[in-house]
Amino acid sequence: MNVLLIGSGGRENALAYKIAQSKLLDKLFIAPGNPGTKLLGENVAIKLNDFYSVYDFCLINKIELVVVGPEQPLVEGISDFLRQKGIKVFGPDKSAAEIEASKSFAKSLMSNYNIPTASYAEFNSSKLTEAKDYIKEQKFPCVIKADGLAAGKGVLICNNIMESEKAVEEIFVEKVFGSSGDKLIIEEFMTGEEASIFAITDGDDYICLPSAQDHKRIGNGDTGKNTGGMGAYSPAPIVTDEILSEVENKIIKPTLNALKNENRKFIGCLYCGLMLTAEGVKVVEFNCRFGDPETQAVLPLLEGDFLKLLYSAASGNLDKSSVKYSGGSAVCVVAASKGYPDSYEKGFEITGIQSMENDVIVFHAGTKEINRKILTNGGRVLGVTAVVNDNNLKKAKEKAYIALRKINFKNIYYRSDIADKALKH
Ligand code: AMP
Ligand code: GLY
């Protein structure tokens, strides 16, 4: 079959890498793709915000499955549009994607269906005084979140009343998150280790891919600013079989049922961002798509036919035997541009990508190709994933860092402690 994959980051490079391995695939198109996906299919320029252009492309190129990588087109309703036209899509409708697009919706769903998460209150921008009064009764730190999408920046952890009032004013008065901050939630601060689980679902049935852990902060030891993610490993040893069954029974099953019950059946990848607290596993956030960079660590561990899995989910008939995980570990380290997540320079030549050993995959995130040279073109430039066959994260980590030392570009920066949290256990 011909497949159209939408997106241009490291996640999409990893999705393309797995889809390209499928025996079912005739031709893979990636819109817009990046220099990494170009090696796995054909990058195409389609106006993604014009759904009719996407539909025309599908007709002309006999596309049988559209896989949507990022949240934005999902939240804008690309799946609804294409499904109505009879095209199979891996990715939820707009109404189900709201689980990521509106924290207020996600929290009230969890609250109504008894899905464990931090306790919270919600305020809209006309309730500035009420929000400030509520803060005075809270324990600190507390967590203040803009309701809508904010490119991973909409979460503020506040240590006292002053910081919390400042956060509320930034969101409501200065509008630092624009209309995403028309509402906010104030949440209890949870402590524990975080883990991510992807549930691939046709809306009724699901399978979980191997667990993972992201590293959101820019600096070693989880210090400094939040980023889009500086590395990940999979599986995460803290997610034992016992914890996984708690996640399935208390979180994934009830959430999929709740969405179905609310007429928002979810087809795609439900990303569960979890906190393993002393009181049990709780939800930090849901996303309506694969997580990045976790996808770059999780997918290389899967055996079987990943495209078959996505196609079966999109067809409403999930084939749970299409992929399996039977051991192995992966570590993905993100090579970034110095200065990220603030300002950084770009346009520097990247060398050394070609000289990789087997079982090391270099995924492109922020790169561009000019005159056959690969140049840096973003904050997160590459994701370097090392895979080993046995359950040996230490070996995978070493392999990833040996590979990274062969890669060069001006202002390269990466954390040197990806996976250390797991190795400590
Ligand atoms: P989110 O964008 O909702 O994933 O939040 C970004 C990060 O903020 C999470 O990965 C957590 O590290 C942290 N965070 C969010 N909510 C909470 C919470 N209620 N308690 C503690 N940390 C949180
Ligand atoms: N890794 C977190 C995210 O994709 O949002």
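Right, let's walk through the structure included here. Nothing here was measured: the structure is a model prediction, and the numbers come from that model.

Before going further, it helps to examine unusual backbone geometry. Cis geometry is found at the peptide bond from Ala31 to Pro32, where omega equals -5°. Along the chain, Pro32 turns up in strand S2 (residues 27–32). Across the junction of Ser234 and Pro235, the peptide omega takes the value -10°, indicating a cis bond. By secondary structure assignment, the location of Pro235 is in the loop between strand S15 (231–234) and helix H9 (241–261).

Turning to the packing of aromatic side chains, a few remarks are in order. For any pair of aromatic rings, the description consists of the separation of the ring centres together with the inter-plane angle of the planes. Scanning the entire structure with this criterion turns up 11 aromatic pairs. Relative to Phe81, the ring of Phe51 has its centre 5.6 Å away and its plane inclined at 50°; by these criteria the two rings are tilted. In this pair, Phe51 sits in helix H2 (residues 51–60) while Phe81 sits in helix H4 (residues 78–84), placing the two residues 30 residues apart along the sequence. Across the pair, exposure class does not vary: Phe51 and Phe81 are buried alike. An aromatic cluster is present here, built from Phe90, Phe198, Tyr271, Phe290 and Phe306 joined pairwise through their rings. Note that Lys85 overlies the ring of Tyr55, its terminal NZ or CZ placed 5.3 Å from the centroid.

Attention shifts here to the site of ligand 2. Lining the immediate surroundings of ligand 2 are Asp214, Lys216, Tyr271, Asn287, Arg289, Gly291, Asp292 and Glu294. Glu294 is positioned such that a nitrogen or oxygen atom in its side chain is 2.7 Å from a nitrogen atom of ligand 2. Taking 200 Å² as the accessible area of ligand 2 by itself, protein coverage stands at 87%. In the shell around ligand 2, the residues fall into 1 nonpolar, 2 polar and 5 charged.

About the cut-offs
- Residues numbered from 1 in each chain as written.
- Chains lettered and ligands numbered in written order.
- Predicted model: local features only at pLDDT ≥ 70, side-chain atom pairs only at ≥ 80, totals over all residues.
- Heavy atoms only, no water.
- Helix = DSSP H or I, 4+ residues; strand = E, 2+ residues; numbered from the N terminus.
- Phe/Tyr/Trp six-rings, centres within 6.5 Å; stacked < 30°, edge-to-face > 60°.
- Buried < 20%, exposed > 50% of the residue type's maximum accessible area, 1.4 Å probe, protein only.
- Lys NZ or Arg CZ within 6 Å of the ring centre and 35° of its normal.
- Near = heavy atom within 4 Å.
- Polar contact = N/O pair within 3.5 Å; in protein donor to acceptor, adjacent residues only side chain to side chain.
- Areas by Shrake-Rupley, 256 points an atom, 1.4 Å probe, with all protein chains shown as cover.
- Nonpolar A, V, L, I, M, F, W, Y, C, P; charged D, E, K, R; others polar.

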